[in-house]
Amino acid sequence: MSELEPREELGFLLGGVRSLLEQLVESGAIEVPSDPEGVARAHANARANANAHANANANANANANANANAQVQVPRAVAPQPPPVERPRVRPPVLETPDTLESVEARRVRLAQIEQVSASCTRCALHEGRTNPVFARGSASAELMFVGEGPGADEDAQGLPFVGKAGQLLDRMIVAMGYQPDDVYIANVVKCRPPNNRKPEPNEAATCIGYLQEQIALVRPKAIVALGATACEGLLGTSGITRLRGTWRLYRGEIPVMPTFHPAYLLRKPEDKRLVWADLQQVMQRLGKSAPPNPGKR
């Protein structure tokens, strides 16, 4: 076979293809653009459509991936926290109140100030008939406090509580308990003498009770002996001394109170001294005091 035979064969094939195309064009099976630029444009449009479909598919895939990622929450890494810094504890400032006055001298000064206020008090009608206001006597740091009803004639004259016959009996009982009269603190519910030594009216006691409450807050006794019905009413808010005596109660839920008969009552009914002595023995026991079982007739 010569070198021209492959070329002649290729020309024969091209001629056949051309003839086939002409037949297809004539039959309308295909449409061939009449100009080369049209053919180029057709190819460009085909490529553009293909690219558009590819971009659309890529965007759809990207949206699907984004939705899938949004549904899965990936926990964030937590940075390690530094250990807490321990701050130094600061104590609150101590205020000078009746509950925090530790100095006996400071409490004594405060009691003197309250006594001056009570001396000029005119809040109830009892001040109209007084000669002297009767505030207290005894120690500002006493562990034991006695509370009575109000001043009598002797107390009004001297300005001190329990200095008459009832007071002398009280002093003897205090000594029998192992104290001296100056070792304890003695006060009354009202600071002015009621007319004819009558019992204070409820409004008079209510008006004056604030002074006694401040006295108790400053003295801070370990125990209180309530002498008589008026003292029980002022301290405990309840009456009935016969029922109450000999049983421990609490003043404001804190300080033990022993109700017992008033010394003035014992002057009228001395046979009940034994009952009062039994009550005072309970007080001594609570305070760690020892005393003879029977102090004798006093």
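These notes cover the structure that comes with them. Quick caveat: nothing in here was measured; it's all calculated off a predicted structure.

Conventions and cut-offs
- Residues numbered from 1 in each chain as written.
- Predicted model: local features only at pLDDT ≥ 70, side-chain atom pairs only at ≥ 80, totals over all residues.
- Heavy atoms only, no water.
- Buried < 20%, exposed > 50% of the residue type's maximum accessible area, 1.4 Å probe, protein only.
- Helix = DSSP H or I, 4+ residues; strand = E, 2+ residues; numbered from the N terminus.
- Pairing = 2+ DSSP bridges.
- Phe/Tyr/Trp six-rings, centres within 6.5 Å; stacked < 30°, edge-to-face > 60°.
- Lys NZ or Arg CZ within 6 Å of the ring centre and 35° of its normal.
- 1 Å grid on protein atoms, 1.4 Å probe; cavity = no way out; pocket = protein on both sides within 12 Å on 5 of 7 lines; lining within 4 Å.
- Points joined across faces, edges and corners; volume = space filled by probe spheres on them.
- Nonpolar A, V, L, I, M, F, W, Y, C, P; charged D, E, K, R; others polar.
- Contact = heavy atoms within 4.5 Å.
- Core = buried A, V, L, I, M, F, W, Y, C linked by side-chain atoms within 4.5 Å.
- Expected span 1.5 Å × (residues − 1).
- Arc of directions from axis to C-beta.
- Disulfide = S-S within 2.5 Å.

**Topic: the pairing of strand β3 (residues 185-188)**
- Side chains Y185 and A187 of β3 all project onto a buried face; the interleaved residues I186 and N188 project onto the opposite face, where all are buried too.
- Bridging between strand β1 (residues 136-138) and β3 involves three bridges; their strand directions are antiparallel. Pairing of A136 across the sheet is with A187, part of β3.
- Bridge analysis of strand β2 (residues 144-148) against β3 gives four bridges, and the strand direction is parallel. When the bridges of β3 are listed, M145 appears paired with Y185.

**Considerations on the packing of aromatic side chains**
- If you walk through the whole model with that rule in mind, you get one aromatic pair.
- Each ring, one from F261 and one from Y265, has its centre 4.6 Å from the other, and the planes form 40°; the classification is tilted.
- By relative accessible area, which is 22% here, Y265 ends up partly exposed.
- When the ring centre of F135 is taken as origin, the NZ or CZ atom of K191, which lies over that ring, is 5.4 Å away.
- In this arrangement the basic side chain of R286 is found over the ring face of W248, its NZ or CZ atom lying 4.3 Å from the centre.

**With respect to the layout of surface pockets**
- Approximately 560 Å³ is the volume found for the largest pocket.
- Looking at the largest pocket, it is lined by 28 residues, and the ones nearest its centre are E149, A166, H262, A264 and Y265.
- For the lining of the largest pocket, the secondary structure elements donating two or more residues are α4 (153-158), α5 (165-176), α7 (229-236) and α9 (263-268).
- The element contributing the most residues to the lining of the largest pocket is α9, with four residues.
- In terms of residue class, the lining of the largest pocket is built from 14 nonpolar, eight polar and six charged.

**A closer look at the side chain of D272**
- Along the chain, the position of D272 falls in the loop between α9 and α10 (273-287).
- We classify D272 as buried; its relative accessible area is 9%.
- Look past the residues within four positions of D272 in its chain and what remains in contact with it is F261, Y265 and L266.

**Thoughts on the nonpolar core**
- L144, F146, M177, Y185, L212 and L235 are the most contacted members of the largest nonpolar core, which totals 58 residues.
- With eight residues, helix α6 (residues 202-219) is the largest single contributor of residues to this core.
- Filtering out sequence-adjacent residues up to four positions away, L212 remains in contact with M145, V147, A187, N188, V189, K191 and L235.

**Examining empty space enclosed by the protein**
- The tally for this structure, following the rule as stated, stands at one cavity of 30 Å³ or more.
- Of the voids in this model, the largest cavity is the one considered here, and its volume is about 100 Å³.
- Together, 14 residues line the largest cavity, and C121, C124, C192, C208 and Y211 are the ones closest to its centre.
- The element that contributes the greatest number of residues to the lining of the largest cavity is α6, accounting for three residues.
- Looking at the lining of the largest cavity, its residues break down into seven nonpolar, four polar and three charged.

**Some points on α10**
- Between its first and last C-alpha, α10 extends 21 Å over 15 residues, near the 21 Å set by a 1.5 Å rise per residue.
- Along α10, the positions that sit buried rather than exposed are V276, W277, D279, L280, V283, M284 and L287. The arc enclosing the buried residues of α10, seen along the axis, measures out at 160°, which places them on a common side. Across α10 from its buried face, at more than 90 degrees, point the exposed residues R274 and Q285.
- On the buried face of α10, the contacting elements are β2, α5, β4 (223-227), β6 (255-260) and α9.
- Immediately downstream of α10, the backbone of G288 shows phi near 75°, a positive value.

**As for the state of the cysteines**
- Summed over the entire model, instances satisfying the criterion amount to zero disulfides.
- Here C192 is not disulfide-linked; the sulfur of C124 is the nearest cysteine sulfur, at 6.3 Å.
- Taking the relative accessible area as the measure of exposure, C192 reaches 8% and is therefore buried.

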